[in-house]
Amino acid sequence: MKKRQIQIQTDEQDQSLDLMIEYDHEDTDMVTSMTLRTTYQGKEIVAIGREYPFEDAFSELQRRLPDNVQIRCCVACRHGNLCPAGNAPGEVFCTKDVIIRTKMDAFHYTTDDDNAEQRLRHYWDVCEDFCPQDEETFTYSSYLYYLNNKT
């Protein structure tokens, strides 16, 4: 189990929550689920993702938080694209400096060794350029799909 921090934004303020991340197997090639645990206003929240590479866990976490709370992290950001050639669980690539309109646009930025290393982030990371995903902007990610379509 790994302990991380995740940023949230509420009507009143931004804050951090402790986030426990657990995979059902130590070997990333054998993982079939990701479990997220946090506490918000004294209530434990548990979200489980079962769709590799587990963006659905973060979508489920967002759904379980109150409506006025938004998670702010790379997997929920419009600049957070997955790699068309495949990802490890929790791996996302920042493309805030380029326009991604299709899956193939993301290919060079996520597979080229120099680009990929420079752009590699984790789902729970966040920066000052965070912009929530929306239907009008293409992001090579299933986070918004899972958020809008309960699995």
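Residues numbered from 1 in each chain as written. Predicted model: local features only at pLDDT ≥ 70, side-chain atom pairs only at ≥ 80, totals over all residues. Heavy atoms only, no water.

In this section: the sheet that holds strand β8 (residues 120-122). Ordered in space as β6-β7-β8, the three strands form an open sheet in which the pairing is antiparallel. Looking at the sheet topology across the chains shown, the edges are occupied by β6 (80-81) and β8. Sheet topology note: the β6/strand β7 (residues 91-94) ladder contains two bridges and is antiparallel. Paired with G80 across the strands is C94, a residue of β7. (Pairing = 2+ DSSP bridges. Helix = DSSP H or I, 4+ residues; strand = E, 2+ residues; numbered from the N terminus.)

Moving on: the packing of aromatic side chains. Tallied over the full model, the rule gives three aromatic pairs. When the ring of F58 is compared with that of Y123, the centres are 5.5 Å apart and the planes differ by 90 degrees; the resulting orientation is edge-to-face. Placement of the pair is F58 in helix α1 (residues 55-64) and Y123 in the loop between β8 and α4 (143-148), with a sequence separation of 65 residues. Take F58: its relative accessible area is 0%, and that puts it in the buried class. When its relative accessible area of 0% is taken as the criterion, Y123 is described as buried. A ring pair is formed by Y145 and Y146, whose centres lie 5.5 Å apart and whose planes are at 70 degrees; its orientation type is edge-to-face. Residue class for Y146 comes out buried when judged on its relative accessible area of 12%. (Phe/Tyr/Trp six-rings, centres within 6.5 Å; stacked < 30°, edge-to-face > 60°. Buried < 20%, exposed > 50% of the residue type's maximum accessible area, 1.4 Å probe, protein only.)

So, on to unusual backbone geometry. With an omega of 5 degrees, the peptide bond between Y52 and P53 qualifies as cis. Here P53 lies in the loop between β4 (43-49) and α1. Even without being a glycine, Q41 presents a positive backbone phi close to 50 degrees. Relative to the helices and strands, Q41 resides in the loop between β3 (34-40) and β4. Phi is positive for F54, which is not a glycine, with a value near 80 degrees. Positionally, F54 belongs in the loop between β4 and α1.

With that settled, the discussion passes to the pairing of β4. Judged from the seven bridges that link them, β3 and β4 form a sheet pairing that is antiparallel. Paired with M34 across the bridge in β4 is G49. In this structure, the hairpin formed by β3 and β4 is closed by a connection of two residues, where Q41 is found at a positive phi of approximately 50 degrees.

A complete count under the given rule lists zero disulfides for this structure. In this structure C74 is not part of a disulfide, and its nearest cysteine sulfur, from C127, lies 6.2 Å away. For C74, a relative accessible area of 12% translates into the label buried. With no disulfide of its own, C94 has C127 as its nearest cysteine by sulfur position, at a separation of 5.6 Å. (Disulfide = S-S within 2.5 Å.)

Summarising the model, the protein chain shows a mean pLDDT of 94, and 99% of its residues fall at 70 or more. Model confidence for the protein chain, summarised as mean pLDDT per element, is weakest for helix α3 (residues 113-119) at 91 and strongest for β6 at 98. (pLDDT = per-residue confidence, 0-100.)

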